[in-house]
Amino acid sequence: MEMASENQESVGFLSRGCCWFTSFMRNLASKLVLEPARTARSLAREDPRRIIHSIKVGLAIALVSLIYYFDPLYEGFGVSAMWAVMTVVVVFEFSVGATLGRCVNRGIGTFIGGALGVAAHRLASCFGSEIVEPIILAVSIFIFAASGTFARFFPKWKARCDYGLLIFILTFCLISVSGYRDDEVIDIALTRLSTVMIGGSAALAICILLFPVWAGEDLHHLVADNIEKLGDFLEGFGDEYFKTLEDGNVRDSKALLEKYKSVVNSKTIEDNLVNFAKWEFRHGKFRFRHPWGEYQKIGGLIRECAFRLDSLNGYLKSEVQTPQEIREIFQESCQTMSSESSHALKNMARAIRTMTSSYVAVAKSHIAIAKSAADNLKSLLKTNSWQQTDLLQIIPVITVASLLIEVVSSTVKIADSVHQLASLARFKKISEDDASKSDQRNTERILRSPSIEGSHGLTISVE
């Protein structure tokens, strides 16, 4: 009996051990293989250009590495041929503008750093003293390294030349230090500069010639998409808010939140794209010296509007309800401001996306109606009809109305900035009739309704 029980315990222990090991290997395979595969698939589906970029980088490195493999090329550069490979690795970026900016920065930084390094070496050699020479080199390294590092704190230089300053410091120090033990300091500087030029040229050529990705186009579409996201939120906010109150329950606003949440956090992406776009030459519809700075201004106004939408979104979840009779006084005006601001924003997004200025005029006609509704609502709020009303009951809807008035004001600012962009970028013009066809339903509402009769006798006139 004891032997049988011991055998059963041994079998049970082995069984549990096998189950644990099988589970461990399954989890390990999931973390090491399945999860990375899912992530890679998701990234590729989100933007297929990432796969193309990876192939381009691999191709550029493979081509430049041939310098190291073929004897005739290797004899000309020696071990310094690795600098060409390293240059491709560090300068090849996703977009043409980013790659061009890093190539120019690396080339200029290497040239200036190498030239000053040779000059410092020559100056130290003039003294002919083994004691004085290292002191002069050390002092020159200290001065230029400290000055270059401090220059990286300048805002404009940091945005455009930060990488170049870093390469300048690195090259100057390498040439100055290596030149102390090697008399061929000029050959070292020229070899380093030539290998950097080869690597940078190869990276830039492949980046431009094979499926180029333009930062300017990405910025252009990003700003248009962000404006349209604001319009999507406002399109349904009026109906959603008053429907929430009428149903007496809280509706889930997660779908609406996702429409504009990415807009609030887009500043870093926009700033980087603006910086990269300024390096790019003429391509597609974008001429040389395209006003990329205007996109940055529009982006700031878009985020300002998005913050107000974030406050409005909070009232979709509010549990405090306003009485029906008070709600009806504000409903028509609030829905008009929300709807017309939405149509205006979507037309501005269409104007940027198609580079057609006529859509801005259509947007301004919608803004005129929204402004009229806002003015009438302000007049209503200034009346004395609220003295007998409980303030706690009307505060939520008044706050929503006030935020919508601010949204209309933000829409006006965005429209002015888009008009400025259209003027500077010379957007094409089409007839207003053609522009209105893409917005036919909303335009017919404007043309057929010279005035909108609001609740309680409020008249919203088109300015």
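Residues numbered from 1 in each chain as written. Predicted model: local features only at pLDDT ≥ 70, side-chain atom pairs only at ≥ 80, totals over all residues. Heavy atoms only, no water.

## Side note on the UniProt feature "transmembrane region" (unreviewed entry) in the protein chain
In step 1: Sites flagged by UniProt as "transmembrane region" (unreviewed entry) map to residues 51-70, 76-96, 131-151, 163-181 and 193-214.
In step 2: Strand forms 0% of residues 76-96 and helix 62%; the C-alpha atoms that close the span are 30 Å apart.
In step 3: From the first C-alpha to the last, residues 131-151 spans 31 Å; its make-up is 95% helix and 0% strand. (UniProt positions renumbered as here; feature names shortened; annotations may be inferred. Helix = DSSP H or I, 4+ residues; strand = E, 2+ residues; numbered from the N terminus.)

## Digging into the pattern of salt bridges
In step 1: In this structure the tally under the stated criterion is 16 salt bridges.
In step 2: The partner of Glu93 in a salt bridge is Arg102, with the nearest N and O atoms 3.5 Å apart.
In step 3: Between Glu228 and Arg353 there is a salt bridge, with its nearest N and O atoms 3.0 Å apart. One end of the pair, Glu228, is in helix 10 (residues 215-247); the other, Arg353, is in helix 14 (residues 324-354), and 125 residues separate them in sequence.
In step 4: On the accessibility criterion, Glu228 (27% relative accessible area) is partly exposed.
In step 5: Connected via shared salt-bridge partners are Glu304, Arg308, Glu406 and Lys413. (Salt bridge = Lys/Arg side-chain N within 4 Å of Asp/Glu carboxyl O. Buried < 20%, exposed > 50% of the residue type's maximum accessible area, 1.4 Å probe, protein only.)

## Quick look at the packing of aromatic side chains
In step 1: Tallying each qualifying case throughout the model produces 10 aromatic pairs.
In step 2: Centre to centre, the rings of Phe150 and Phe154 are 5.8 Å apart; their planes meet at 85 degrees, and the pair counts as edge-to-face.
In step 3: The class for Phe150 is exposed, based on a relative accessible area of 53%.
In step 4: Under the relative-accessibility criterion, Phe154 is labelled partly exposed at 39%.
In step 5: The ring centre of Tyr163 lies 3.9 Å from the NZ or CZ of Arg102, which sits over that ring.
In step 6: When the ring centre of Tyr359 is taken as origin, the NZ or CZ atom of Arg350, which lies over that ring, is 5.7 Å away. (Phe/Tyr/Trp six-rings, centres within 6.5 Å; stacked < 30°, edge-to-face > 60°. Lys NZ or Arg CZ within 6 Å of the ring centre and 35° of its normal.)

## Overview of the layout of surface pockets
In step 1: Size it by volume and the largest pocket reaches roughly 540 Å³.
In step 2: With 8 residues, the single largest contributor to the lining of the largest pocket is helix 10.
In step 3: Across the lining of the largest pocket, the residue classes tally to 7 nonpolar, 7 polar and 9 charged.
In step 4: If you add up the space inside the second largest pocket, you get close to 240 Å³.
In step 5: Forming the walls of the second largest pocket are 15 residues, and the residues nearest its centre are Arg102, Ala159, Tyr163, Asn275 and Phe276.
In step 6: Among the secondary structure elements, those contributing two or more residues to the lining of the second largest pocket are helix 6 (96-125), helix 8 (155-181) and helix 12 (267-277).
In step 7: No other element matches helix 8, which puts 6 residues into the lining of the second largest pocket. (1 Å grid on protein atoms, 1.4 Å probe; cavity = no way out; pocket = protein on both sides within 12 Å on 5 of 7 lines; lining within 4 Å. Points joined across faces, edges and corners; volume = space filled by probe spheres on them. Nonpolar A, V, L, I, M, F, W, Y, C, P; charged D, E, K, R; others polar.)

## With respect to the packing of helix 5 (residues 82-91) against helix 9 (residues 185-209)
In step 1: Where helix 5 contacts helix 9, the two axes come as close as 8 Å, and the packing angle between them is 45 degrees. Looking at the two axes, helix 5 sits oblique to helix 9. Regarding helix 5 and helix 9, the two cross each other, and that crossing is right-handed. Mapping the contact onto sequence places Trp83, Ala84, Thr87, Val88 and Val91 in helix 5 and Arg192, Thr195, Val196, Gly199, Gly200 and Ala203 in helix 9. (Axes fitted to C-alpha atoms, helices over the stretch in contact; angles between N-to-C directions. Parallel < 35°, antiparallel > 145°, perpendicular 65-115°, else oblique. Left-handed = near helix turned anticlockwise from the far one by under 90°. Contact = heavy atoms within 4.5 Å.)

## Digging into the confidence of the model for the protein chain
In step 1: In this model, the protein chain carries a mean pLDDT of 80, and residues with pLDDT of at least 70 account for 79%.
In step 2: Ranking the elements of the protein chain by mean pLDDT puts strand 2 (residues 459-461) last, at 30, and helix 2 (residues 49-64) first, at 93.
In step 3: Here residues 248-253 is a poorly scored stretch, pLDDT under 50, and it has 16 contacts once near neighbours within four places are set aside; other chains count.
In step 4: Across residues 445-463, confidence stays below pLDDT 50; counting only partners more than four residues off in sequence or on other chains, it has 47 contacts. (pLDDT = per-residue confidence, 0-100.)

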